[in-house]
Amino acid sequence: MGKALIIGAGGVASVVVHKCCQNPDVFEEILIASRTVSKCDALKEKLQGGKTKISTAQLDADNTEEIVALINKFKPDIVINVALPYQDLTIMDACLAAKVDYLDTANYEPIDTAKFEYSWQWAYREKFKEAGITAVLGCGFDPGVTGVFSAYAMKHYFDEIKQIDILDANAGDHGYPFATNFNPEINIREVTANGSYFENGEFIETEPMSIKRVYNFPEIGDKDMYLLHHEEMESLALNINGIKKIRFWMTFSERYLTHLKVLENVGMTSIEPIEFDGKQIVPLQFLKAVLPDPASLGPRTKGKTNIGCIYQGTKDGQPKNYYVYNVCDHEECYKEVGSQAISYTTGVPAMIGAMMVLTGKWKKPGVFNVEEFDPDPFMEQLNKQGLPWKEDFNPSLVD
Ligand code: NDP
C-alpha cells in the first residue's frame, strides 16, 4: 500500500521498524534514516527477508535540505519522525517542501531551553492545510494513546468530561541502580522541569515532584506517583469540550528520585554548557553518555507497565467514571521485538498512526493532535498490534 521514511534508529525506531515489517500489506517499503547509519543497517540486517522491502540511509535531520533531498529520492507516502524532539521542525519543514505527510511522538523542544509545548508546531497548521498534507503530532503512548483514549471516551461514554487523570506506571526492574527507559537527556529534562496541571482554563505550575499520591494500579499494585507537566494536557485542554481539570501522574521509585536529586545537586542535569579541558560540554549530554543506553535495558527488564486515563464526567445527566488502560509486560515485548515496554508502548502507536494515515482513515489537511481523529479504527488496531486495552467503569479515583 505505501512507503514510509522512518527517521531515527533508537529504541522507539526499532519497534516501529519491527511493527511495520509485521504489517507488510500497509508498509510495503521502508527507508530507515538516521545520524548513525550503522544502527539503521543493524535493524535492516535483523529484519530483512520478509515482505517489507527495507533500505537505509545516513541523515542529519537537523538539516532540512538533506531531508528534502532524501524524501525526493525515496518518495515516501509518510515520514515517521522517531528521532528526537529537537528535529521536529526541520522535519516538518522538509515535509512541507516535499509535500508528504508527517507523524511524530513528542512535541518540539529547543535544544537550549527545557520547554516543551505545541505552539511551535501548531504554527504550521495553515501551511500544512494549504499544502494538502497531514501532520499527526504526539502519536506515541503518552502523548498518543492517551489522546485516542480521550476521544474514545468522549465519543462512546460521555456527554461531558470534566476531569482527566492520566496515570503512567512503570513497575519494570532493569537491575541497575539508575537508568532511564528512554533517551536519558529527554527523560531527565522532562522530570526535572516544574510540574503543572490544568484547572478551570489555566495551567497551574508546581515545584518538580512536589505532589505525590499512592495508587493501586491494576496488575501492578500500589505505586508512588508524582504530578508532572506533560504535553498532551495542552492539546486535551483545547480539544475536550467542557474540560475543567487535567492532571498527569508518573510513578518513580524512591531509588530513582534519590539518584536524580544527587545528580541535580551536583550540577549533572544542567543543560548550560560548561568549559571542560578546553572544550564546551553540556553536563546532561555527558551524563547521557555515561548512563546505560535505554536500548540495552531490553534483555534485563522484568515487570509490567500500566498506562491509562481516568475520566470523570456525565452521561444523560448522570455522573459517570471510566478508566481505560493498557498493561504491557517488559519481557513479552523483548521476546517479540527485542525492546523493553517503554519503547514498545511508544513505537506500536507510532506505527498504528502511520497506518491510519496510509489507509486514509486519518487523512485530512492540517496539523492535528491524535484526539482530533476518529479513535475507533486506532482502538481496534491497539488490540491487534500488541497493546490491548481494558476498561473499568468503577475505578478508584485519584484524590
Ligand atoms: P533514542 O535516543 O534511543 O533514539 C533517537 C534516535 O534519533 C537515535 O537513533 C539518534 O541517532 C537519532 N537522531 C538524533 N539526532 C539526530 C539527527 N540530528 N539526525 C538524525 N538522527 C538523529 O530515543 P528513543 O527512541 O527513546 O525516543 C525517540 C523519540 O520518542 C523521542 O522524541 C522521545 O521523546 C519520544 N518518546 C515518546 C514517548 C511517548 O509516549 N509519546 C515515550 C518515549 C519516547 P544516534 O543513534 O546517532 O544517536
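Above this text is the structure in question.
Source: prediction; values computed, not measured.

A. Main features of the overall build of the protein. Scanning the protein from N- to C-terminus turns up 14 helices and 18 strands. Its C-alpha atoms give the protein a radius of gyration of 20 Å, near enough to 21 Å, the size a compact globule of 399 residues would have. Overall, the protein is about 55 × 55 × 40 Å in size when its C-alpha atoms are taken along their principal axes. A separation threshold of at least 6 residues defines the contact pool for the protein, and within that pool the share at least 24 residues apart is 72%. In the form shown here, the protein has an accessible surface area of approximately 16400 Å², with 49% of it arising from carbon and sulfur atoms. Side chains of the protein give 39 positive and 56 negative charges; the mean places of these two sets differ by 4 Å.

B. Just the pairing of strand β8 (residues 195–199), in detail. Among the five residues that make up β8, four are buried, leaving the element largely enclosed by the rest of the structure. Across five bridges, β8 lies against strand β9 (residues 202–206) in antiparallel orientation. By the bridge assignment for β9, Ser 196 is matched with Glu 205. Hairpin connection of β8 to β9: two residues between the antiparallel strands, including Asn 200 at a positive phi of 45°. Here two bridges tie β8 to strand β12 (residues 245–251), and the two strands are oriented antiparallel to one another.

C. Structural detail: the packing of helix α13 (residues 341–358) against helix α14 (residues 376–384). Relative orientation of the contacting elements α13 and α14 amounts to 135°, with a least axis distance of 10 Å. It follows from the interaxial angle that α13 and α14 lie oblique. Crossing hand, α13 versus α14: right-handed. Residue-level inspection shows Pro 349, Ile 352, Gly 353, Met 355 and Met 356 of α13 in contact with α14, the latter providing Pro 377, Phe 378, Gln 381 and Leu 382.

D. Summary view of the nonpolar core. Of all hydrophobic cores here, the largest spans 88 residues; its most connected members are Phe 27, Ile 30, Ile 80, Phe 149, Ile 164, Tyr 311 and Trp 362. Considering every element that reaches this core, the biggest residue donor is α13, with eleven residues. Sequence-distant contacts of Ile 30, defined by excluding residues within four places in its chain, comprise Ala 4, Ile 6, Val 17, Cys 20, Cys 21, Thr 52, Lys 53, Ile 54, Ser 55 and Phe 74. Within the second largest apolar cluster, 31 residues are counted, among which are Ala 61, Val 100, Phe 128 and Ala 135.

E. Quick peek at the site of the ligand. In the region of the ligand, 28 residues are neighbours, and Arg 35, Thr 36, Lys 39, Ala 61 and Asn 183 sit closest. Within the contact set of the ligand, an oxygen atom lies 3.4 Å away from a side-chain nitrogen or oxygen of Ser 34. Computed on the free molecule, the ligand has an accessible area of 940 Å², of which 92% lies beneath the protein chains in the complex. Taken together, the residues that form the shell around the ligand break down as 13 nonpolar, ten polar and five charged.

F. Broad picture of the packing of aromatic side chains. If you walk through the whole model with that rule in mind, you get 21 aromatic pairs. Relative to Tyr 322, the ring of Tyr 157 has its centre 4.5 Å away and its plane inclined at 55°; by these criteria the two rings are tilted. Pair noted here: Tyr 157 is in the loop between α7 (145–156) and β7 (160–170) and Tyr 322 is in strand β16 (residues 318–329), with a separation of 165 residues, a long-range link. Every member of this aromatic cluster is reached through a ring pair, and the members are Tyr 152, Tyr 157, Phe 158, Tyr 311, Tyr 322, Trp 389 and Phe 393. Above the plane of the ring of Tyr 124 lies Lys 127, whose end atom (NZ or CZ) is 4.7 Å from the centre. The cationic tip of Lys 364 hangs over the ring face of Phe 368; the distance from NZ or CZ to the ring centre is 4.6 Å.

What counts, and where the lines are drawn
Residues numbered from 1 in each chain as written. Predicted model: local features only at pLDDT ≥ 70, side-chain atom pairs only at ≥ 80, totals over all residues. Heavy atoms only, no water. Helix = DSSP H or I, 4+ residues; strand = E, 2+ residues; numbered from the N terminus. Rg over C-alpha atoms; globule rule 2.2 N^0.38 Å. Contact = heavy atoms within 4.5 Å. Areas by Shrake-Rupley, 256 points an atom, 1.4 Å probe, with all protein chains shown as cover. Lys, Arg positive; Asp, Glu negative; His and termini not counted. Charge placed at Lys NZ, Arg CZ, Asp CG, Glu CD. Buried < 20%, exposed > 50% of the residue type's maximum accessible area, 1.4 Å probe, protein only. Pairing = 2+ DSSP bridges. Axes fitted to C-alpha atoms, helices over the stretch in contact; angles between N-to-C directions. Parallel < 35°, antiparallel > 145°, perpendicular 65-115°, else oblique. Left-handed = near helix turned anticlockwise from the far one by under 90°. Core = buried A, V, L, I, M, F, W, Y, C linked by side-chain atoms within 4.5 Å. Near = heavy atom within 4 Å. Polar contact = N/O pair within 3.5 Å; in protein donor to acceptor, adjacent residues only side chain to side chain. Nonpolar A, V, L, I, M, F, W, Y, C, P; charged D, E, K, R; others polar. Phe/Tyr/Trp six-rings, centres within 6.5 Å; stacked < 30°, edge-to-face > 60°. Lys NZ or Arg CZ within 6 Å of the ring centre and 35° of its normal.

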